[in-house]
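Single-letter residue listing:
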Amino acid sequence: MELQIQRALQDAGAMTEFLKELEPFVYRVCYHLTGHQHDAEDLAQDSLMKVCRNLHTYRGDCAIQSWVYRIILNTQRDAVRKKKNVTMVELSETASTSEGFETQVNMKMLIQKMLGELTGVDRQIFILRFVQDLPLKEVASLLEMKEATVKTRLFRLRDRLKGHL
């Protein structure tokens, strides 16, 4: 990966290839943060532009994905500050007559409703821990919080989720 980053810094074609490889990862994280396709596309585009502009500042002291996570989170915070009243949750499922499917959709709607009610940091913690399946230590590092604080917030989030279910 280090060699690929060095080539990307020296050659525009290599930078394009590097960004194409990162794009699915970036979009997936953005979609989980926003819950909406169009917002995720905008956030992913802004994040990839920042990665391109700031790749020369990557020191290699952490995984490239962690560095990109930080850029995505900061870009999302900036976007939320710009748009104070952004609706960030949308369910894009089609209706079905299957009872199991209806239960699954209802559960997803309930979780998305709860996610929509969460503050920015709690939402980020939930997504990084449960959707992206990152270890607590990495979640704490990415959000620049103490691990104990992340654990406490996760415990409260689980209680709220249980209350909704």
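Residues numbered from 1 in each chain as written. Predicted model: local features only at pLDDT ≥ 70, side-chain atom pairs only at ≥ 80, totals over all residues. Heavy atoms only, no water.

Some points on the overall build of the protein chain
- If you tally the helices and strands in the protein chain, you get eight helices and zero strands.
- Starting at the N terminus and walking to the C terminus, you meet the elements of the protein chain as α-α-α-α-α-α-α-α.
- For the protein chain, buried positions account for 36% of its 165 residues.
- When contacts within the protein chain are restricted to residue pairs at least 6 apart in sequence, those whose partners lie at least 24 apart make up 59%. (Helix = DSSP H or I, 4+ residues; strand = E, 2+ residues; numbered from the N terminus. Buried < 20%, exposed > 50% of the residue type's maximum accessible area, 1.4 Å probe, protein only. Contact = heavy atoms within 4.5 Å.)

Quick look at the packing of aromatic side chains
- Counting across every chain of the model gives three aromatic pairs.
- A centroid spacing of 5.3 Å and a plane angle of 75° characterise the contact between Phe-25 and Tyr-69, whose relative ring orientation is edge-to-face. Of this pair, Phe-25 sits in helix 2 (residues 12-34) while Tyr-69 is found in helix 4 (residues 64-82), placing the two residues 44 residues apart along the sequence.
- Classification of Phe-25 by relative accessible area gives buried; the value is 7%.
- What makes Tyr-69 buried here is its relative accessible area of 3%. (Phe/Tyr/Trp six-rings, centres within 6.5 Å; stacked < 30°, edge-to-face > 60°.)

Description of the packing of helix 2 against helix 6 (residues 120-131)
- Remark: helix 2 packs on helix 6, axes separated minimally by 9 Å, with the N-to-C direction vectors making an angle of 130°. The orientation of helix 2 relative to helix 6 falls into the category oblique. Like other packed secondary-structure pairs, helix 2 and helix 6 cross with a definite hand, here right-handed. Contact with helix 2, carried on its side by His-32, Leu-33 and Thr-34, involves Arg-123, Gln-124, Ile-127 and Val-131 of helix 6 and no other residues of that element. (Axes fitted to C-alpha atoms, helices over the stretch in contact; angles between N-to-C directions. Parallel < 35°, antiparallel > 145°, perpendicular 65-115°, else oblique. Left-handed = near helix turned anticlockwise from the far one by under 90°.)

Points about the confidence of the model for the protein chain
- Taken residue by residue, the protein chain gives an average pLDDT of 80. The fraction at 70 or more is 84%.
- Mean pLDDT across the elements of the protein chain bottoms out in helix 5 (residues 99-117) (69) and peaks in helix 3 (residues 37-54) (91).
- Every residue in residues 85-97 is under pLDDT 50, and counting partners more than four places away or in other chains gives 30 contacts. (pLDDT = per-residue confidence, 0-100.)

Regarding the environment of Asp-122
- Relative to the assigned elements, Asp-122 resides in helix 6.
- Judged by relative accessible area, which is 14%, Asp-122 ranks as buried.
- Asp-122 sits 35 residues away from Leu-157 along the chain, and the two C-alpha atoms are 7.7 Å apart.
- In this structure, Asp-122 is in contact with Arg-153 and Leu-157, ignoring residues within four places of it in sequence.
- Reaching out from Asp-122, the side chain makes a polar contact with the side chain of Arg-153 at a distance of 3.2 Å. (Polar contact = N/O pair within 3.5 Å; in protein donor to acceptor, adjacent residues only side chain to side chain.)

Quick word on unusual backbone geometry
- Despite not being glycine, Glu-144 shows a phi value in the positive range, around 55°.
- The exposure class of Glu-144 is exposed, given its relative accessible area of 66%.

What about the environment of Ile-125?
- Structurally, the position occupied by Ile-125 is in helix 6.
- The exposure class of Ile-125 is buried, given its relative accessible area of 0%.
- Separated by 32 residues in sequence, Ile-125 and Leu-157 place their C-alpha atoms 9.3 Å apart.
- Among all residues touching Ile-125, those that are not within four sequence positions of it are Val-139, Leu-143, Met-145, Val-150, Arg-153, Leu-154 and Leu-157.

Quick word on the nonpolar core
- Ranked by internal contacts, the top residues of the largest apolar core, which has 42 residues, are Phe-18, Val-26, Leu-55 and Val-68.
- Counting residues per element, the ones that place at least two in this core are helix 1 (2-10), helix 2, helix 3, helix 4, helix 5, helix 6, helix 7 (136-142) and helix 8 (147-164).
- Ranked by residues supplied to this core, first place goes to helix 2 with nine residues.
- With sequence-adjacent residues up to four places away left out, Leu-55 is seen in contact with Ile-5, Ala-8, Leu-9, Met-15, Phe-18, Ile-64 and Trp-67. (Core = buried A, V, L, I, M, F, W, Y, C linked by side-chain atoms within 4.5 Å.)

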